[in-house]
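A look at the structure
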Amino acid sequence: MPGEVGAPIPEDTQHAVSVSLPTWKANVGYEEGEEWVVSKMQTGYPRFFIHKSVRKLVSTMLQQYGRPGEDCMLFPSPSIASRCRQFVKQHSPTSPPPSVRVIDLSPRGGQDTCISSGLSAVFFPIDEFKVAKQFWQHSGDGVSSRRAEFCQRELEEGYLVEKGNDLSNRPAKGPKRYSRGCIDKEYFKLSPLVPDGPDTSRFVEERFGRNLDVEFVSNAKLAIRRRIAGTLRSNVGLDDAIALSREGGRDVDGFTEDDVYLFPSGMSAIFNSHRLLLEARGPERSICYGFPYVDTLKILQKFGPGCLFYGHGSQDDLNDLEEKLESGERFLALFCEFPGNPLLISPDLCRIRELADKYHFAVVVDETVGSFLNVHVLPYADIVVSSLTKVFSGDSNVMGGSLVLNPKGSYYPLLKEKLKVTYEDNFWGEDALFLERNSRDFLSRVERINVNAEAVCELLLKHPKIKQVYYPKCSPTKVFYDKCRCPDGGYGGLLSITFYTTEDAVLFFDEIKTAKGPSLGTNFTLSSPYTLLAHYGELEWAAQFGVELSLVRVSIGLEDTAALIATFDKALQALELRSE
């Protein structure tokens, strides 16, 4: 059911990654910055809305290290902070470029068996906030809200200090709950790890706090990587995930979880894939094929030599690309989604792979919407990326991303060697615990969502008020999807709907009794006026690629199928009543 404007989705969830915008008017108000919406925003999608815990830490850093007229952004490592500094100076409208400085903090000496975190702050003039926010949004590399809360405590209690100022190997004396040693890892073998519900974050903080064993976090990350690798083919807990074989993932010879790399968000995985290729292969333009999620295109345009954009993702586009390649143009990589968001168009990966092999460019496929349980795209890609925030987690309370290398890819040796030098594991340990727990029933959830989505799609296709339903099963590009579909795979849980009039779209969205907010892949059905939220400042541009203002995107959840059908049917009835 829809929540109040600005409330977290799910309700009472401290680290929720969606926010309730329950009416069309509320979404417009959010985009316009209207006070009646903005003042009620308790949270938001973390790359767009800076979480209150992060803002609190920013305030503390400004108090301790800031100068008059400065603001700051927070990152988990000096290298990311350095990239942010460079981006602000390069993209600032100010001439000469503004003064931007970085302060790095590190934990004071103590037990190295417990989790700890450094912190890097980028300080810049307040007027440059919008530029710095672009880096935060596009890179997906900012500190997570859980990491921010941890660093807040560390900073307040004297455990986190500016580099070079650690005068003692002895930790400062903290609260009593932190004075003991690390919690024995045997303590964590309960399944589920912690109780579900709004008190989960508090449970972890109060019971474990700084005393979270590094080995346990490592095991949680290993279990996640094995699930992504496909070596875990049933719902299993942490102990079983660690005990099972590491071989046999994704049906690619030589592939193991060692070819899976974790990142703090899906966009971070995309951003760092592009950065990896630039560093490994040199500065060449990329290709963005198909209409992508907004930040993928922005990354390719703003970081590096730019990109060639094929927004329709059609065969004509591939023909044009082939002509350019034949004439001698060369590219770094082709980026695409399988299927695309929000139009659910599936690219012809077979032909793309042939072109890539012939003309020597890499292929990066974002499988977030399809999910690796439904589609097997690795044989056609050099790199596969995914947002683990979505259906892999399902609970909408943690961010995460993955980058997967194809060991059979021609660039594999080059990329593997480069990652040995450049890869930073910035996926925060507490976030890993939640993601591991959430993903234990990933397989059964995807199966259920597939069934529900097909049922809703069939209902919508029959209704005269619906202009078009975008779903891989009924798409003109179904043949390309089916070539990559797993033997037991379905068509995923995301679909989009367009209407003949904007008025019908508004009425349907306002009437549909689902959660309403950004994100997708949630365990509950989540609706959003996608074009309005993602492209409010460029509606005409989006429309030329078929992304209409009237488009409503729906991420189907785990609800009872009959009840879900009844929910959509009732919203459709509202359209019929108005036309009578």
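Reading guide: rules and limits
- Residues numbered from 1 in each chain as written.
- Predicted model: local features only at pLDDT ≥ 70, side-chain atom pairs only at ≥ 80, totals over all residues.
- Heavy atoms only, no water.
- 1 Å grid on protein atoms, 1.4 Å probe; cavity = no way out; pocket = protein on both sides within 12 Å on 5 of 7 lines; lining within 4 Å.
- Points joined across faces, edges and corners; volume = space filled by probe spheres on them.
- Nonpolar A, V, L, I, M, F, W, Y, C, P; charged D, E, K, R; others polar.
- Helix = DSSP H or I, 4+ residues; strand = E, 2+ residues; numbered from the N terminus.
- Pairing = 2+ DSSP bridges.
- Contact = heavy atoms within 4.5 Å.
- Axes fitted to C-alpha atoms, helices over the stretch in contact; angles between N-to-C directions.
- Buried < 20%, exposed > 50% of the residue type's maximum accessible area, 1.4 Å probe, protein only.
- Salt bridge = Lys/Arg side-chain N within 4 Å of Asp/Glu carboxyl O.
- Parallel < 35°, antiparallel > 145°, perpendicular 65-115°, else oblique.
- Left-handed = near helix turned anticlockwise from the far one by under 90°.
- Right-handed = clockwise from strand over helix to strand, strands pointing away.
- Arc of directions from axis to C-beta.
- Phe/Tyr/Trp six-rings, centres within 6.5 Å; stacked < 30°, edge-to-face > 60°.
- Lys NZ or Arg CZ within 6 Å of the ring centre and 35° of its normal.

Digging into empty space enclosed by the protein
- Under the criterion given, the structure shown has 9 cavities of 30 Å³ or more.
- There is about 230 Å³ of room inside the largest cavity.
- Considering the residues around the largest cavity, the lining is formed by 22 residues, among which Pro46, Val143, Ser144, Ser145 and Met399 are closest to the centre.
- When its residues are assigned to classes, the lining of the largest cavity shows 10 nonpolar, 8 polar and 4 charged.

Considerations on the layout of surface pockets
- What the largest pocket holds in volume is close to 1200 Å³.
- Along the walls of the largest pocket sit 50 residues, with Phe48, Gln137, Tyr293, Val294 and Leu533 positioned nearest its centre.
- Those elements giving two or more residues to the lining of the largest pocket turn out to be α1 (24–32), α5 (129–139), α10 (266–281), α11 (294–302), β12 (383–387) and α19 (530–534).
- The element contributing the most residues to the lining of the largest pocket is α5, with 5 residues.
- Residue composition of the lining of the largest pocket, grouped by class: 21 nonpolar, 17 polar and 12 charged.

A word on the sheet that holds strand β17 (residues 526–528)
- Across the sheet, which stays open at both edges, the 5 strands sit in the order β14-β15-β18-β17-β16 with mixed pairing between neighbours. Pairing within the sheet leaves two strands with one partner each, and these edge strands are β14 (466–470) and β16 (515–516).
- Relative to strand β18 (residues 552–555), strand β15 (residues 494–499) runs antiparallel, the two sharing 4 bridges. Following the sheet pairing, Leu494 is matched in β18 by Ser555.
- The sheet contacts of helix α18 (residues 502–511) involve β15, β16, β17 and β18, and relative to β15 the element is tilted by about 135°.

Brief notes about the sheet that holds strand β3 (residues 70–75)
- Spatially, β3-β5-β4-β6 is the arrangement adopted by the 4 strands of the open sheet, whose pairing is antiparallel. Of all the strands in the sheet, just β3 and β6 (160–162) have a single pairing partner and so form its edges. Strand after strand, the sheet turns through a mean of 30° between neighbouring axes, direction not considered.
- Examined bridge by bridge, strand β4 (residues 101–107) and strand β5 (residues 119–125) share 5 bridges and lie antiparallel to one another. Following the sheet pairing, Ile103 is matched in β5 by Ala121.
- With respect to the sheet, helix α3 (residues 52–65) is in contact with β3, β4, β5 and β6, its orientation differing from that of β3 by roughly 125°.

Section: the side chain of Ser393
- Tracing the chain through its elements places Ser393 in the loop between β12 and β13 (401–405).
- The exposure class assigned to Ser393 is buried, which follows from its relative accessible area of 0%.

Here we look at the pattern of salt bridges
- Applying the stated criterion to the full structure yields 25 salt bridges.
- Residues Lys298 and Glu538 are paired through a salt bridge, measuring 3.8 Å at the closest nitrogen-oxygen approach. Placement of the pair is Lys298 in helix α11 and Glu538 in the loop between α19 and α20 (539–543), with a sequence separation of 240 residues.
- Within the structure, one salt-bridge network assembled from shared partners comprises Arg227, Glu436 and Arg440.

Brief notes about the packing of helix α4 (residues 78–91) against α5
- The N-to-C vectors of α4 and α5 enclose an angle of 135°; their axes lie 9 Å apart at closest approach. Between α4 and α5, the crossing angle belongs to the class labelled oblique. In the packing of α4 onto α5, the handedness of the crossing is right-handed. Contacts from Ile80, Arg83, Cys84, Phe87, Val88 and His91 in α4 reach Val131, Ala132, Gln134 and Phe135 in α5.
- When its residues are assigned to classes, the contact of α4 with α5 shows 7 nonpolar, 2 polar and 1 charged.

With respect to the pairing of strand β8 (residues 286–289)
- With burial as the criterion, each face of β8 is covered, one bearing Ser286 and Cys288 and the other bearing Ile287 and Tyr289.
- Note: β8 against strand β9 (residues 307–310), 4 bridges, orientation parallel. Its bridge partner being in β9, Ser286 is matched across the sheet by Cys307.
- On the question of chirality, the crossover connecting β8 to the parallel β9 by way of α11 is right-handed.
- Here β8 runs beside strand β10 (residues 333–337); their pairing, made up of 2 bridges, is parallel. Directly across from Cys288, in β10, lies its bridge partner Phe335.

As for helix α14 (residues 412–422)
- When α14 is considered as a whole, its buried residues turn out to be Tyr412, Leu415, Lys416 and Leu419. Down the axis, α14 shows its buried residues gathered within 100° of arc, on one side only. The exposed residues of α14 that point more than 90 degrees off its buried face are Pro413, Lys420 and Val421.
- Close packing links the buried residues of α14 with β7 (260–263), α10, β12 and β13.

Points about the environment of Gly409
- With respect to the helices and strands, the residue Gly409 is situated in the loop between β13 and α14.
- Given the relative accessible area of 13%, Gly409 is considered buried.
- In the structure, Gly409 is positioned 31 residues away from Leu378 in sequence and 9.3 Å away in space, judged by C-alpha atoms.

Examining the packing of aromatic side chains
- This model, assessed by the stated rule, comprises 25 aromatic pairs.
- Measuring from centroid to centroid gives 5.0 Å for Tyr481 and Tyr491, while their planes differ by 25°, and the two rings are stacked. Here the residue Tyr481 occupies a position in helix α17 (residues 478–484), and Tyr491 occupies one in the loop between α17 and β15, the gap between them amounting to 10 residues. When sorted by exposure, Tyr481 lands in the same class as Tyr491, which is buried.
- Clustering of aromatic rings is evident, with ring pairs tying together Phe75, Phe87, Phe135, Trp136, Phe271 and Phe303.
- The ring of Phe123 carries Arg101 above its face, with NZ or CZ at 4.6 Å from the centroid.
- Here Lys516 stacks its cationic end above the ring of Phe509, 4.9 Å away from the centre of that ring.

Here we look at unusual backbone geometry
- Pro96 follows Ser95 through a cis peptide bond whose omega is 0°.
- With an omega of -15°, the peptide bond between Phe338 and Pro339 qualifies as cis.
- Structurally, Pro339 is set in the loop between β10 and α13 (349–359).
- Positive phi outside glycine occurs at Ser371, with the angle close to 70°.
- Turning to its location among the elements, Ser371 is positioned in the loop between β11 (362–366) and β12.
- Classification of Ser371 by relative accessible area gives buried; the value is 5%.
- Unusually for a residue other than glycine, Ser396 sits at a positive phi of about 60°.

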